[in-house]
Amino acid sequence: MSSELPKWAEAGIDLDRPNVARVYDYLLGGACNFEHDRALGDKLLAAAPELEVAARLNRAFLLRAVRFCIEAGIRQFLDLGSGIPTVGNVHEIAQRYAPDARVLYVDNEPVAVAHGQLMLEGDDNADVVLADLLEPHTVLGSAAARRLLDLDQPMAVLMLCVLHFIPDSAGPHEAVARYVQAMAPGSYLVVSHATTGSLQGSKAEASKRLYDSSNLPGLARTPEQVAELMAGTEIIEPGVVPTARWRPDPADDVVTGPALRIIHAAVGRKP
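Thresholds applied
Throughout this document, residue positions are counted from 1 along each chain, in the order its sequence is written. pLDDT decides what is reported in this predicted model: residues at 70 or higher carry local features, side-chain atom pairs at 80 or more are listed and counted, and totals for whole chains, interfaces and linings draw on all residues regardless. To get the side-chain values, take all heavy atoms of the structure and skip hydrogens and water. Salt bridge criterion: a side-chain nitrogen from Lys or Arg within 4 Å of a carboxyl oxygen from Asp or Glu. Only DSSP runs of H or I with at least four residues qualify as helices, and only runs of E with at least two residues qualify as strands; both kinds are numbered from the N terminus onward. The buried label applies to any residue whose accessible area, calculated with a 1.4 Å probe on protein chains only, is under 20% of its type's maximum; exposed applies above 50%, and partly exposed to all values in between. Pairing between two strands is assigned when DSSP locates at least 2 bridges connecting them. Look down the strands so they point away from you; if the path from the first strand over the helix to the second goes clockwise, the crossover is right-handed. Each Phe, Tyr or Trp ring (for Trp, its six-membered ring) is paired with any other whose centre lies within 6.5 Å, and the angle between the two planes then decides the class: stacked below 30 degrees, edge-to-face above 60, tilted in between.

> Would you mind going over the pattern of salt bridges in detail, with residue names and values included?
Summed over all chains, the structure comprises 4 salt bridges. A salt bridge links aspartate 249 to arginine 67; its shortest N-O distance comes to 2.5 Å. Taken as a pair, aspartate 249 in the loop between β7 (241-242) and α11 (258-261) and arginine 67 in helix α3 (residues 50-71) lie far apart in primary sequence, 182 residues in all. Classification of aspartate 249 as partly exposed rests on a relative accessible area of 25%.

> Break down the pairing of strand β3 (residues 126-130) for me, with residues and values.
When strand β2 (residues 102-107) meets β3, the two strands line up parallel, connected through 5 bridges. Following the sheet pairing, tyrosine 105 is matched in β3 by valine 128. In this fold, β2 hands off to helix α5 (residues 110-119), which returns the chain to β3; that crossover is right-handed.

> Explain the packing of aromatic side chains to me, using residue names and the numbers behind them.
On inspection of all chains with the given rule, the structure shows 3 aromatic pairs. Residues phenylalanine 61 and tryptophan 246 carry aromatic rings whose centres are separated by 5.5 Å and whose planes lie at 85 degrees to one another, so their mutual orientation is edge-to-face. Note that phenylalanine 61 is positioned in helix α3 and tryptophan 246 in the loop between β7 and α11, a separation of 185 residues in sequence. Note on accessibility: phenylalanine 61 and tryptophan 246 belong to one class, buried. Counting every residue linked through ring pairs, the aromatic cluster contains Phe61, Phe68, Tyr188 and Trp246.

In structure tokens form, the structure reads like this:
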């Protein structure tokens, strides 16, 4: 690997261990990843090829969920654990339908934040903050949040494929509850999460072992446990379902098999 980092990569980042944000970027066909990330991605796909489809289904759910929120009148978005920007980001989707939509991205991965800053140059309605979503006070108290978010007005808080990297011992329920508490009535909480039982036998064992070798070992939860994370909101129809089955577009391909069940999603409304 070249010792010269691309301009979107911060000096001092850990290149010796795969990073889940960069692996996800690789699975989506992005370019913000390094040799160890690609190696882990290839091993994951060799163990469970369905993971690539699951990643793309999650991205398609993001598009539909953001569009749903825009149609519901939401004009401000907080994307927690936003990851590395790739095609179809929240601000691109939201501003396509509502040019005045405001978006704040939050991630604790320096590569994601550095690349986001480059991508958002010239967009006064979007920004990115380097912070941990488990620290709501820091996130909501940041200068970017004070500039872009009006907590007295409804907003959408997005947590896509990030909560399954946070064990119960780290307090994800408490963190989510604090964001819900800060949200004005009429706000939406958008969640997607890896769920149990989607991969079986050797595929499940191999995937877990490989993710455990990354910077953030993951854990799956049941759909019922995902719903528990969304306490304080009313989960709208169709409930906690596989991403491809959350309000699909009529033209969407019908997806079956293990890839369908890997990630579930839901949208909750704060009454």
